[in-house]
Amino acid sequence: MPSSIIALNDVNAGYGKFQVLFGVSMAADYREITVIVGPNGSGKSTLLRTIFGLTSIYSGEVIFKNINITSKKPHEIAKLGIAYLPQLENVFLNLTVKENILLATYIHEGETMDIEEAIGLFPQLKALFERKASTLSGGERQMLAMTMALLRKPSLMLLDEPTANMAPKIAKLIFEKIIELKENYNIPVILVEQNAKKALEIGDKAYLLVAGRKIFEGLPQELLEKPDLTKVYLGID
Ligand SMILES: Nc1ncnc2c1ncn2[C@@H]1O[C@H](COP(=O)(O)OP(=O)(O)O)[C@@H](O)[C@H]1O
Ligand SMILES: [Mg+2]
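Residues numbered from 1 in each chain as written. Chains lettered and ligands numbered in written order. Predicted model: local features only at pLDDT ≥ 70, side-chain atom pairs only at ≥ 80, totals over all residues. Heavy atoms only, no water.

Observations concerning the sheet that holds strand β9 (residues 205-210)
Sheets are built from strands that pair by backbone hydrogen bonding, the pairs being arranged parallel or antiparallel. The mixed open sheet is built from 6 strands, whose spatial order is β6-β7-β8-β3-β9-β10. Single-partner strands in this sheet number two, and they are β6 (82-85) and β10 (213-218). Taken pair by pair, the neighbouring strands of this sheet meet at an average axis angle of 15°, ignoring direction. Sheet topology note: the β6/strand β7 (residues 156-160) ladder contains 4 bridges and is parallel. If you follow L85 over to β7, its bridge partner there is L159. (Pairing = 2+ DSSP bridges. Helix = DSSP H or I, 4+ residues; strand = E, 2+ residues; numbered from the N terminus. Axes fitted to C-alpha atoms, helices over the stretch in contact; angles between N-to-C directions.)

See the structure below:
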């Protein structure tokens, strides 16, 4: 088994003619949390969308488990086992928690995880089953979205700022659960975070994107030891 579950090779991508990513190469390994950090507007979300087939790729390639997915459509990529959680609009607001969970299993083509097993990640959702998703807090909504993704038994999860605008206590819980995804559910994660310090603390590997270019790749600890980068680009002192 190769160590990388996914690799981007020299990817140039953007929206229509507006190029955002410039020659980005990266890899995420099985059993690892790969963290992508960088200032606002540096292309972090675009990188996840590029993996999921939601941007225009001008050149380069995206290889997932030895399959070239560069020109595949999002639903094909989902079917191959990649779950993508955008920062917003990741649950159906007009449905209850339970309906969201059931829907996640119905609309998935392929095997799904047992609901009890998936709920094990966030057992607190059980008490919220009858609540409309629109009435949930940001943290609860994120828990629901992660559970819905988990139900599809993905082999890779892409999380875009799962702790954005959350109280530190909830953010801490979400970070713990990302570790649990890796360790208990065996799901590698590519994590995009504004909350760079915390993300780097739980990451196994880190990439720093600035203006659509990769300017650091290595161990999170190595990045944290480069104040010239972390101060300027991540606001870490
Ligand atoms: N759907 C879109 N259409 C056109 N440009 C976009 C779109 N989404 C993001 N952009 C642009 O791409 C650049 C990178 O954005 P983004 O990937 O969201 O950065 P980040 O997630 O690092 O904050 C920004 O200049 C942004 O304005
Ligand atoms: Mg973003």
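After presenting the structure, the write-up continues.
Details of the layout of surface pockets
If you add up the space inside the largest pocket, you get close to 500 Å³. In this structure, the largest pocket is lined by 19 residues; those nearest its centre are F52, A78, Y84, I107 and R152. When contributions to the lining of the largest pocket are tallied by element, the ones reaching two or more residues are α2 (74-80), β6 and α5 (138-151). Tallied by class, the residues present in the lining of the largest pocket amount to 12 nonpolar, 3 polar and 4 charged. Taken as a whole, the second largest pocket encloses approximately 300 Å³ of empty space. If you trace the second largest pocket, you find 15 residues lining it, with Q87, L88, N90, G138 and R141 closest to the centre. Looking at side-chain class alone, the lining of the second largest pocket contains 6 nonpolar, 6 polar and 3 charged residues. (1 Å grid on protein atoms, 1.4 Å probe; cavity = no way out; pocket = protein on both sides within 12 Å on 5 of 7 lines; lining within 4 Å. Points joined across faces, edges and corners; volume = space filled by probe spheres on them. Nonpolar A, V, L, I, M, F, W, Y, C, P; charged D, E, K, R; others polar.)

Some remarks on the site of ligand 1
Near ligand 1, the surroundings consist of Y15, F18, V20, P39, N40, G41, S42, G43, K44, S45, T46 and R49. In this structure, an oxygen atom belonging to ligand 1 sits 2.8 Å away from a side-chain N or O atom of K44. Within the contact set of ligand 1, a nitrogen atom lies 3.5 Å away from a side-chain nitrogen or oxygen of R49. Summarising the interface, the protein chains cover 62% of the accessible area of ligand 1, which totals 560 Å² for the free molecule. For the shell around ligand 1, the elements supplying multiple residues, two or more each, are β2 (18-29) and α1 (44-51). No other element matches α1, which puts 4 residues into the shell around ligand 1. Taken together, the residues of the shell around ligand 1 break down into 4 nonpolar, 6 polar and 2 charged. (Near = heavy atom within 4 Å. Polar contact = N/O pair within 3.5 Å; in protein donor to acceptor, adjacent residues only side chain to side chain. Areas by Shrake-Rupley, 256 points an atom, 1.4 Å probe, with all protein chains shown as cover.)

Some remarks on the sheet that holds strand β1 (residues 4-15)
Pairing in this open sheet of 4 strands is antiparallel, and the strands run β2-β1-β4-β5 from one edge to the other. Every interior strand has two partners, whereas the edge strands, β2 and β5 (67-68), have only one. In this sheet, β2 lies alongside β1 in antiparallel orientation, the contact comprising 8 bridges. Pairing of A13 across the sheet is with L21, part of β2. Running at roughly 115° to β1, α1 makes contact with β1, β2 and β4 (56-64) of the sheet. (Contact = heavy atoms within 4.5 Å.)

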